[in-house]
Amino acid sequence: QFVYAIVGMNLFGAIKHQENIDYHANFESFGNAMITLFRMVTGENWSSLMWDCMVMQDCIQVTKSLNVTMPSGEVVVLLNEQYLDPVDNAALIDVIPDDALRYRCSPAPIP
């Protein structure tokens, strides 16, 4: 289980919190990863944890409030802790500085 906890930390350590992946059940630290894996092994809500690990929408987190000017001249106000969709907001994400974004999506599936 130790190896799986480390793999879970590498793959799912930065995904956003949702209904089941939250403050108590996550892969952000080794201890939390071990407890989360133990919950999954015992069968406690493992399928919901699995679905929460497959985040692909609204998973780019804005880490600080800022005003961004789009190429069209439109000014967009972004708030701290706001989530953006990587597909629907691609043009907006391109003009936001990298230090103001945190990627909290699941790893992309292998085609």
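Definitions and limits used
- Residues numbered from 1 in each chain as written.
- Predicted model: local features only at pLDDT ≥ 70, side-chain atom pairs only at ≥ 80, totals over all residues.
- Heavy atoms only, no water.
- Helix = DSSP H or I, 4+ residues; strand = E, 2+ residues; numbered from the N terminus.
- Buried < 20%, exposed > 50% of the residue type's maximum accessible area, 1.4 Å probe, protein only.
- Disulfide = S-S within 2.5 Å.
- Pairing = 2+ DSSP bridges.

1. Observations regarding the overall build of the protein chain
Item 1. A tally of regular secondary structure across the protein chain gives four helices and five strands.
Item 2. Each helix and strand of the protein chain, placed in order from N terminus to C terminus, yields the pattern α-α-α-β-β-β-β-α-β.
Item 3. Across its three principal axes, the protein chain shows a C-alpha extent of roughly 55 × 30 × 20 Å.
Item 4. For the protein chain, with 111 residues in total, the buried portion stands at 34%.

2. Some words on the state of the cysteines
Item 1. Counted according to the given criterion, the structure contains one disulfide.
Item 2. Between the sulfur atoms of Cys-59 and its disulfide mate Cys-105 the distance is 1.8 Å. Sign of the S-S torsion, about 80° for the bond between Cys-59 and Cys-105, identifies this disulfide as right-handed. Of the two residues, Cys-59 sits in the loop between α3 (46-52) and β1 (60-62) while Cys-105 sits in the segment after β5 (101-103), which places them 46 residues apart along the sequence. Comparing Cys-59 with Cys-105, the two get one shared label, buried.
Item 3. Free cysteine: Cys-53, not disulfide-bonded; nearest cysteine sulfur from Cys-59 at 13 Å.

3. What about the pairing of strand β3 (residues 75-78)?
Item 1. Residues Val-76 and Leu-78 point to one face of β3 and are all buried, whereas Val-75 and Val-77, pointing to the other face, are not buried.
Item 2. Pairing geometry for strand β2 (residues 66-69) and β3, over four bridges, is antiparallel. Pairing of Asn-67 across the sheet is with Val-77, part of β3.
Item 3. Connecting β2 to the antiparallel partner β3 that follows it, the hairpin turn spans five residues, and Gly-73 within it adopts a positive phi of roughly 100°.

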